[in-house]
Every structure is written in C-alpha cells, then in structure tokens.
Amino acid sequence: MSAKLPEYTVIRDTREQEGHGWIFHPHDPGRYPPRCKGMMTDTLNTGDYSMLGYEDILTIERKQDFGELWTCFLDKRRFEAELERMKSFKYRLIVVESILNHDMFNLTPPQCTRNMPGKALMRWLTQIMIKYTVPIIYAGTAGRKVAQLYFEEVVKIERF
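These remarks concern the structure in this document. (Residues numbered from 1 in each chain as written. Predicted model: local features only at pLDDT ≥ 70, side-chain atom pairs only at ≥ 80, totals over all residues. Heavy atoms only, no water.)

### A closer look at the overall build of the protein
Phase 1 of the analysis: Counting its regular elements, the protein contains 4 helices and 6 strands.
Phase 2 of the analysis: Listed N to C, the secondary structure of the protein is β-β-β-β-α-α-β-α-β-α in terms of helices and strands.
Phase 3 of the analysis: Every one of the 160 residues in the protein was classed for burial, and the buried ones make up 44%. (Helix = DSSP H or I, 4+ residues; strand = E, 2+ residues; numbered from the N terminus. Buried < 20%, exposed > 50% of the residue type's maximum accessible area, 1.4 Å probe, protein only.)

Quick look at the structure:
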C-alpha cells in the first residue's frame with residue numbers, strides 16, 4: 001500500500017503587490033495527488049511564496065520581468081541579503097516571468113544612467129546561481145505552473 005500524498009496550501013507573501021503575482025485555486029478533488037487546497041496570504045520572512053508547514057524549508061522568489069531584475073541589480077545589497085537568507089532553505093527557487101534570449105545580453109534598460117549592457121545583469125545572475133546555489137528559471141508566462149510543479153515535487157519528496 002502506498003503512502004497518501006498530503007494536500008498543500010500555498011502561502012503568498014503579504015508584500016506581493018495586489019494585481020501581480022500568482023493565484024492558486026483549490027484543485028478538483030478527483031485530481032491525482034498531491035492536490036492544492038488553495039492559497040492564503042501571510043508574511044514570509046524570505047521569498048514570495050511557500051507552503052503551509054514548509055515555510056522553513058521552501059521558498060520561491062518571483063520576479064515579474066527583467067525590469068524588476070534590473071532594479072535588484074541596481075540595489076544589489078538588499079536583494080543579496082534576501083539571497084543570503086535563502087541559503088538556509090532546502091528548496092529555493094527564483095522564477096522570472098520572462099524568456100531569456102540572445103538580445104537580452106545587449107540591452108541597456110532606460111532606468112540606467114550609464115551605458116550598462118544586459119551582459120552585466122546576466123553575469124550577475126550567473127554569479128547568484130553559483131554563490132547562493134539557487135536555480136533561476138526563465139519561465140515566461142508559465143511561472144505559476146513552474147511554481148505549482150515545484151510545490152508538488154517537494155510534497156512528494158518530503159511527505160510531511
């Protein structure tokens with residue numbers, strides 16, 4: 001007899017702006033487990049999303065697009081403090097809701113006062129993956145689905 005996989009509840013951080021981010025609805029009861037029971041909003045010390053009962057081991061940081069990443073790049077100290085906290089999590093992930101393409105390496109965003117090519121941002125993101133051992137997924141419009149799959153796989157592994 002196999003162990004029953006638990007249902008999970010997604011926690012969305014209170015600092016996620018209204019109208020932005022992901023909404024997780026309860027799965028149909030007939031869906032193959034693990035099933036999402038829905039979503040709640042609460043304060044998370046690290047990241048934008050987690051799961052109830054998994055707050056100390058799982059965190060997902062959502063970035064809307066490369067514009068938001070540029071903002072983090074220009075204020076590295078604050079973002080890298082968040083990444084430092086993420087290091088203590090067994091499961092950590094950054095999901096960027098944009099697609100990476102070759103053109104990104106040559107862009108200079110309008111918010112930069114000096115000519116800073118996208119190559120500098122991409123180098124920094126690569127350094128982040130190595131230094132903080134956190135994967136970055138460029139998910140485009142599939143960000144919520146990527147997060148859902150991540151939640152489900154963690155539930156399967158951990159079986160709290």
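### Quick notes on the packing of aromatic side chains
Within a pair of aromatic rings, the relevant descriptors are the distance that separates the centres and the angle that separates the planes.
Phase 1 of the analysis: Under the definition given, this model contains 9 aromatic pairs.
Phase 2 of the analysis: Both rings, one in Phe24 and one in Tyr49, keep their centres 6.2 Å apart while their planes meet at 65 degrees; by these two values the pair is edge-to-face. With a gap of 25 residues between them, Phe24 in the loop between β1 (8-13) and β2 (36-42) and Tyr49 in strand β3 (residues 49-51) connect regions that are remote in the sequence.
Phase 3 of the analysis: What makes Phe24 buried here is its relative accessible area of 4%.
Phase 4 of the analysis: One aromatic cluster in this structure is built from Tyr8, Trp22, Phe24, Tyr49 and Phe151. (Phe/Tyr/Trp six-rings, centres within 6.5 Å; stacked < 30°, edge-to-face > 60°.)

### Here we look at the packing of helix α1 (residues 66-74) against helix α3 (residues 118-131)
Phase 1 of the analysis: For the pair α1 and α3, the least separation of the axes is 11 Å and the interaxial angle reads 75 degrees. With respect to α3, the axis of α1 lies roughly perpendicular. Touching Phe66, Leu69, Trp70, Cys72 and Phe73 of α1 are Gly118, Ala120, Leu121, Met122, Trp124 and Leu125, all from α3.
Phase 2 of the analysis: Considering only residue class, the contact of α1 with α3 consists of 10 nonpolar, 1 polar and no charged. (Axes fitted to C-alpha atoms, helices over the stretch in contact; angles between N-to-C directions. Parallel < 35°, antiparallel > 145°, perpendicular 65-115°, else oblique. Contact = heavy atoms within 4.5 Å. Nonpolar A, V, L, I, M, F, W, Y, C, P; charged D, E, K, R; others polar.)

### Some thoughts on the pattern of salt bridges
Phase 1 of the analysis: The final tally for this structure, using the stated rule, is 11 salt bridges.
Phase 2 of the analysis: With a closest N to O distance of 2.7 Å, Arg62 and Glu16 form a salt bridge. Pair noted here: Arg62 is in strand β4 (residues 58-63) and Glu16 is in the loop between β1 and β2, with a separation of 46 residues, a long-range link. Each of the two residues, Arg62 as well as Glu16, counts as buried.
Phase 3 of the analysis: Where Lys63 meets Glu68, a salt bridge forms, and the shortest distance between an N and an O atom there is 3.5 Å. (Salt bridge = Lys/Arg side-chain N within 4 Å of Asp/Glu carboxyl O.)

### Focus on the nonpolar core
Phase 1 of the analysis: One finds Phe24, Met51, Leu58, Ile60 and Phe151 to be the most contacted residues of the largest nonpolar core, which totals 20 residues.
Phase 2 of the analysis: Counting residues per element, the ones that place at least two in this core are β1, β3, β4, β5 (91-96) and α4 (143-158).
Phase 3 of the analysis: By residue number, the principal contributor to this core is α4, which donates 5 residues.
Phase 4 of the analysis: Excluding anything up to four places from it in sequence, Phe151 contacts Tyr8, Val10, Phe24, Tyr49, Ser50, Met51, Leu58 and Ile60.
Phase 5 of the analysis: One finds Trp70, Trp124, Leu125 and Val134 within the second-largest nonpolar core, a separate group that totals 18 residues. (Core = buried A, V, L, I, M, F, W, Y, C linked by side-chain atoms within 4.5 Å.)

### Describing the pairing of β5
Phase 1 of the analysis: Burial within β5 is extensive, with 6 of its 6 residues counted as buried.
Phase 2 of the analysis: Of the two faces of β5, the one carrying Tyr91, Leu93 and Val95 and the one carrying Arg92, Ile94 and Val96 are both buried.
Phase 3 of the analysis: Where β4 and β5 come together, 6 bridges link them in parallel fashion. Note that in β5 the partner of Lys63 across the bridge is Val96.
Phase 4 of the analysis: Bridging between β5 and strand β6 (residues 136-138) involves 3 bridges; their strand directions are parallel. Residue pairing across strands places Val96 opposite Tyr138, the latter belonging to β6. (Pairing = 2+ DSSP bridges.)

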